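Topology and contacts: notes
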Amino acid sequence: MEEDNLITRAKAGDRSAMGELHELHARRVYTAVRRLVGNDQLAEDLSQEAWVRAFEKLELFRGEAAFGTWLYRLATNVALNHLRRSSKRSSVEAGANLPRITKAQDDVIVARHVLIQAIDQLPPGYRRVLVLHDVEGWTHQEIARSLSCSPGTSKSQLHKARARMRELMQPVSSSNDDMRDKASL
Amino acid sequence: MMTCAIKRVCRNFGERYRQMNQSASEHLTAEQISELLDEPRKDKEDWLHLETCEECRAEFERFSRIRMALSALPDLDPPADEWTAIEAKLDSKEPRINQSVLGFGWHAGRSRLIFGSRQLAVTVAVFVFAVGVFAGLQLPGPIGFFAENTLQPGLTAPVVQDKIALNEPTELESQRAPIQQAGTSAFEGAEFEPVRRYEGRSGLLVLRVTPRTAAAKLGLRSGDVVVDAGNLPTRQVPDLIQAINASQGSPFSVRWIRDGREMVKLWPSGEIRPKE
Ligand SMILES: [Zn+2]
């Protein structure tokens, strides 16, 4: 396969082969990282970091999994490790003070930009479980293994995250239909 | 008189507060609704409430739509100059790279060699650990052996199966097109988008249905996820066309998920019914 050939050349330090591998997988890597970390600037840095690490460790890639899968795991690990480190640095939940979404379209199909804005506003701990499960399609088992927690914790975090998402997506100008009395809690 | 008025206000407030609390405790919480989304009949009482309470049902549907939209988020383009930036970083790291690659290559090779023999593995692991510490000390900066090691993909990362192939997003984009093939019927007038692993299955999310078209007659609504047509899984738009072709004009079943329930309908005739 052509990709195998590119990998062999990249292992030998061939820059153009590396560039081609990048072109093939750039979207998937960037997307996974971007969804997890919640902002463009950080995603750009970490996506680059993931690629640099991938090339540094390419020697270790023996082809047990598809290259794309290997790379995807590495990239999500780079993002998750960053979240872990930054959450230790400050216990203040990012996103707590961010402005609320001003207008949400509670249409049959959820407006995409509103959805993405809401994901980005989630506290990092909620965001990573929501993104891994609902966006990236990981199982609770997989998430638990990666975050070193129990599947039960992963589940309860997910439900809390979704509840928070729903709150963030609540239209400000709520119609009668939307008068669920959340304020009373 | 003054105190009387205050008392009345207080009483009124207390009354209202009680009412508010009561109605809040009767309804399902957001988290309960989210649980039902993943495990529909997990809690019979909650599910029963959902079936009878219009408000909670509407809320459940909102959750369901959010869930579906999440699973259908498209991939993003990195900045156009990403590769240039990566190359620059590779250039600046060159001397360090060789050193670390040596260390890891050795480590990985060793652990693979001893795979299968536990006793030996422990012994060698201790040795590898010691070498690791040594290598870590050798590396400049805070990113030593340990930081790197936690990132080793094979160790901690989950297995993500049936992940959409990596260069597919563009293909997905192109699929987001209405089906307008003449005479295909059944799905004509609907716009689809592939979703991954929605409730454990892949399918085609219905984005829009034009009224009075075949798709509308079939009973599709936006927000539905078509999972199967003619007993063939529908993961991509061409699967629908294939199902129609395979039917050769005879009736075939279409299966979709609506708000966590599976619906089946026979095309061109037959009732919509949730599957039990
Ligand atoms: Zn209710």
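What comes next is a walk through the structure. (Residues numbered from 1 in each chain as written. Chains lettered and ligands numbered in written order. Predicted model: local features only at pLDDT ≥ 70, side-chain atom pairs only at ≥ 80, totals over all residues. Heavy atoms only, no water.)

Within chain B one finds 11 helices and seven strands. Expressed as a percentage of the 276 residues in chain B, the buried residues total 42%. Looking at chain B alone, contacts between residues at least 24 apart form 50% of all its contacts between residues at least 6 apart. For chain B, the computed accessible surface area is about 15,700 Å², with 56% contributed by carbon and sulfur atoms. (Helix = DSSP H or I, 4+ residues; strand = E, 2+ residues; numbered from the N terminus. Buried < 20%, exposed > 50% of the residue type's maximum accessible area, 1.4 Å probe, protein only. Contact = heavy atoms within 4.5 Å. Areas by Shrake-Rupley, 256 points an atom, 1.4 Å probe, with all protein chains shown as cover.)

Looking now at the pattern of salt bridges. Across all of its chains, the model carries 17 salt bridges over all chains by this definition. For the salt bridge of Arg27 of chain A with Asp77 of chain B, the shortest nitrogen-to-oxygen distance reads 2.7 Å. Here Arg27 of chain A, found in helix H2 (residues 15-37), pairs with Asp77 of chain B, found in the loop between helix H4 (54-71) and helix H5 (82-113), and the two come from separate chains. Of the charged contacts, one joins Arg34 of chain A and Asp120 of chain A as a salt bridge, the two residues approaching to 2.7 Å between their closest N and O atoms. Of this pair, Arg34 of chain A sits in helix H2 while Asp120 of chain A sits in helix H5 (residues 112-121), placing them 86 residues apart in sequence. Owing to a relative accessible area of 8%, Arg34 of chain A belongs among the buried residues under this scheme. A single network of salt bridges, built from pairs that share partners, joins Asp134 and Arg162 of chain A together with Asp38 and Arg67 of chain B. (Salt bridge = Lys/Arg side-chain N within 4 Å of Asp/Glu carboxyl O.)

Next up on the list: the packing of aromatic side chains. A complete count under the given rule lists seven aromatic pairs over all chains for this structure. Judged by centre distance (6.0 Å) and plane angle (80°), the rings of Phe55 of chain A and Trp83 of chain B are edge-to-face. Placement of the pair is Phe55 of chain A in helix H3 (residues 40-56) and Trp83 of chain B in helix H5, with the two residues belonging to separate chains. You can call Phe55 of chain A buried: its relative accessible area is 10%. Accessibility expressed as a relative area gives 18% for Trp83 of chain B, which makes it buried. Ring geometry for Phe61 of chain A against Phe67 of chain A: centres 5.4 Å apart, planes inclined by 75°, an arrangement best described as edge-to-face. Pair check on accessibility: Phe61 of chain A and Phe67 of chain A agree, each one buried. Feature note: the residues Trp51 and Phe55 of chain A together with Trp83 of chain B constitute an aromatic cluster, connected by ring pairs. (Phe/Tyr/Trp six-rings, centres within 6.5 Å; stacked < 30°, edge-to-face > 60°.)

Let us now look at the side chain of Arg27 of chain A. Arg27 of chain A sits in the buried class, given a relative accessible area of 17%. A polar contact of 3.2 Å, which involves the side chain of Arg27 of chain A, links it to the backbone oxygen of Asp75 of chain B. (Polar contact = N/O pair within 3.5 Å; in protein donor to acceptor, adjacent residues only side chain to side chain.)

Bringing helix H11 (residues 237-247) of chain B into the picture now. Residue and element names in this part refer to chain B. Among all positions in H11, only Val237, Asp239, Leu240, Ala243, Ile244 and Ser247 are buried. One side of H11 carries all its buried residues, which in axial view fall inside an arc of 160°. In this structure, H11 carries Asn245 and Ala246 as exposed residues pointing more than 90 degrees from its buried face. A positive backbone phi angle near 50° is found at Gln248, which sits one or two residues after H11. (Arc of directions from axis to C-beta.)

A few words now on the packing of helix H8 (residues 151-168) of chain A against helix H2 (residues 30-38) of chain B. At a minimum axis separation of 8 Å, H8 of chain A and H2 of chain B run at an interaxial angle of 115°. Relative to H2 of chain B, H8 of chain A is oriented so that their crossing is right-handed. Residues Leu158, His159, Lys160, Arg162 and Ala163 of chain A of H8 of chain A form the contact with H2 of chain B, whose participating residues are Ala30, Glu31, Ser34, Glu35, Leu37 and Asp38 of chain B. Taken together, the residues of the contact of H8 of chain A with H2 of chain B sort by class into four nonpolar, two polar and five charged. (Axes fitted to C-alpha atoms, helices over the stretch in contact; angles between N-to-C directions. Left-handed = near helix turned anticlockwise from the far one by under 90°. Nonpolar A, V, L, I, M, F, W, Y, C, P; charged D, E, K, R; others polar.)

What follows concerns the coordination of the zinc ion. All names here are of chain B. Here the zinc ion is held by the protein donor atoms His27 (ND1), His49 (NE2), Cys53 (SG) and Cys56 (SG), which lie 2.0 to 2.3 Å from it. Around the zinc ion, the four donor atoms sit at angles spanning 96 to 131°, and that spread fits a shape best called tetrahedral. Mapped onto the sequence, the donors of the zinc ion take the spacing H-x21-H-x3-C-x2-C. Residue classification places Cys56 among the buried residues on the basis of a relative accessible area of 0%. (Donors = N, O, S within 2.8 Å, 3.2 Å for Na, K, Ca; no water. Tetrahedral: all angles 85-135°; square planar, octahedral: opposite > 155°, others 65-115°.)

Let us now look at the nonpolar core. Of all hydrophobic cores here, the largest spans 58 residues; its most connected members are Met165 of chain A together with Leu70 of chain B. In terms of residue count, the dominant contributor to this core is helix H4 (residues 67-89) of chain A (10 residues). Core analysis: the next-biggest nonpolar cluster, separate from the first, contains 21 residues, Ala190, Ala214, Leu220 and Phe252 of chain B among them. (Core = buried A, V, L, I, M, F, W, Y, C linked by side-chain atoms within 4.5 Å.)

Glancing now at unusual backbone geometry. Residue and element names in this part refer to chain A. In the Ramachandran plot, Ser148 falls in the positive-phi region, its phi being about 50° despite a non-glycine side chain. You can see Ser148 is positioned in the loop between helix H7 (140-147) and H8. When its relative accessible area of 66% is taken as the criterion, Ser148 is described as exposed.

Looking now at the pairing of strand E6 (residues 261-267) of chain B. Residue and element names in this part refer to chain B. Counting buried positions along E6 gives six out of seven residues, so the element sits mostly inside the fold. When strand E5 (residues 252-258) meets E6, the two strands line up antiparallel, connected through seven bridges. In the sheet register, Val254 faces E6, and the bridge partner there is Lys265. Here E5 folds back onto E6 in antiparallel fashion, the turn holding two residues, of which Asp259 has a positive phi close to 50°. (Pairing = 2+ DSSP bridges.)

Residues and elements named next belong to chain B. Locating Cys53 in the fold gives a position in the loop between helix H3 (44-52) and H4. Judged by its relative accessible area of 12%, Cys53 is buried. Distance from Cys53 to Glu26, taken between C-alpha atoms, is 9.9 Å for residues 27 residues apart in sequence.

Our focus in this paragraph is the pairing of E5 of chain B. All names here are of chain B. Burial of E5 is extensive: seven of the seven residues sit out of reach of the surface. Burial along E5 is two-sided: Phe252, Val254, Trp256 and Arg258 and Ser253, Arg255 and Ile257, pointing in opposite directions, are all buried. Where strand E3 (residues 225-229) lies against E5, four bridges are found, and the strand directions are antiparallel. By the bridge assignment, Ala229 is partnered in E5 with Val254.

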